[in-house]
Amino acid sequence: MAIKIEKKIKGYNVVKPEDKAAAAAAPAPQPAASKEAPKAEIIQMHESLERPETLIGSTYKIKSPLFEHALYVTINDIVLNAGTQYEQRRPFEIFINSKNMDHFQWIVALTRIISAVFRKGGDVTFLVEEMKAVFDPRGGYFKAGGIYMPSIVAEIGAVIEQHMKTIGLIHDPEMDESTRKLIAEKRAAYEAATTGKSAAPAATETKPETNANGFPPGATLCAKCNTQALVLMDGCQTCLNCGYSKCG
Ligand SMILES: [Zn+2]
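Fair warning: this is a prediction, and the values are worked out from it, not measured in the lab. Along each chain, residue indices are assigned from 1 in the same order as the chain's sequence is written. Predicted model: local features are reported for residues with pLDDT of at least 70 only, side-chain atom pairs are reported and counted for 80 or more only, and whole-chain, interface and lining totals are derived from all residues. In computing side-chain properties, one takes all heavy atoms of the structure into account and sets aside hydrogens as well as water.

Colleague: Help me understand the packing of helix α3 (residues 104-120) against helix α5 (residues 152-166) in this model?
Modeller: Two quantities define a packed helix pair, namely the angle between the helix axes and the distance between the axes. At a closest axis distance of 13 Å, the pairing of α3 and α5 adopts a crossing angle of 30°. Between α3 and α5, the interaxial angle falls into the category roughly parallel. In the packing of α3 onto α5, the handedness of the crossing is right-handed. The segment α3 lies against α5, with Trp 106, Leu 110, Ile 114 and Phe 118 engaging Ile 152, Val 153, Ile 156, Ile 160 and Met 164. For this classification, Asp, Glu, Lys and Arg are treated as charged, while Ala, Val, Leu, Ile, Met, Phe, Trp, Tyr, Cys and Pro are nonpolar and the rest, including Gly, are polar. When grouped by side-chain class, the residues that make up the contact of α3 with α5 number nine nonpolar, no polar and no charged. Angular values range over 0 to 180 degrees, each being the angle between N-to-C directions of two axes fitted as lines to C-alpha atoms, with helices fitted over their stretch in contact. Runs of H or I in DSSP of at least four residues are treated as helices and runs of E of at least two as strands, each being numbered from the N terminus. When an angle is under 35 degrees it counts as roughly parallel; over 145 it counts as roughly antiparallel; between 65 and 115 it counts as roughly perpendicular; any other value is oblique. Throughout, a crossing is termed right-handed when the near helix is turned clockwise from the far one, and left-handed when it is turned anticlockwise from it by less than a right angle. By the convention used here, residues are in contact when the closest approach between their heavy atoms is within 4.5 Å.

In structure tokens:
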């Protein structure tokens, strides 16, 4: 860069090494001052946020008896304000892949709409409840673990929920100690009552029988937590998973 000198030169100074050091030290307070200001620079999720070249994400497999082939759900996240106290990981886009082309058009529509909602910003956790409430008129199915899925859309919703929990967008409501204790007591009482009635000799019985999910055999579906853990206790339907009781 050329600098035109328009005034007469009256004197000069040569830059000494210590001057350079002073100059380097001088701008230091400036970044420190600007550190207090980044409040205005917090990046929030919004539609025009440019997609970075690389996004990190997870792929979940869904195997449903309603579908011939597995569904693969990929959710990619964007990390906003990385390295600051405002760091936040949010879902940015969703892709669903399957060999099964029967459902291609609604799956494409669903993924585009969900991705658009993700990018709109704000609270996107409502998607989970909306999707989990979708019922297939042909009937739902049981997942491994005895959890009832009312439709394939509901299971995609459950996958999104799982993902949002993993990235810390949804927090599990903490089951309080008293509820946990109450469930344990109910369970012990139920097992004592049922094993007491059984004719089998007590010596051969090390563990009470359970269904595939660890709940007593014959347990029915709880409407609150969608788990096969509802048993009849003292004439009252009681859930051994979430503590729900028909009698309050
Ligand atoms: Zn329950």
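We are not done yet, so read on.
Colleague: Before we go on, may I ask you to explain the sheet that holds strand β8 (residues 236-239) in this structure?
Modeller: Think of a sheet as strands paired side by side through backbone hydrogen bonds, with each pair either parallel or antiparallel. If you trace the three strands from one edge of the open sheet to the other, you get β6-β7-β8, paired in antiparallel fashion. With one partner strand each, in any of the chains shown, β6 (220-221) and β8 form the two edges of the open sheet. Where β6 lies against strand β7 (residues 228-233), two bridges are found, and the strand directions are antiparallel. Looking at β7, one finds that Thr 220 is bridged to Leu 230. Note on pairing: two strands pair once DSSP finds at least 2 bridges between them.

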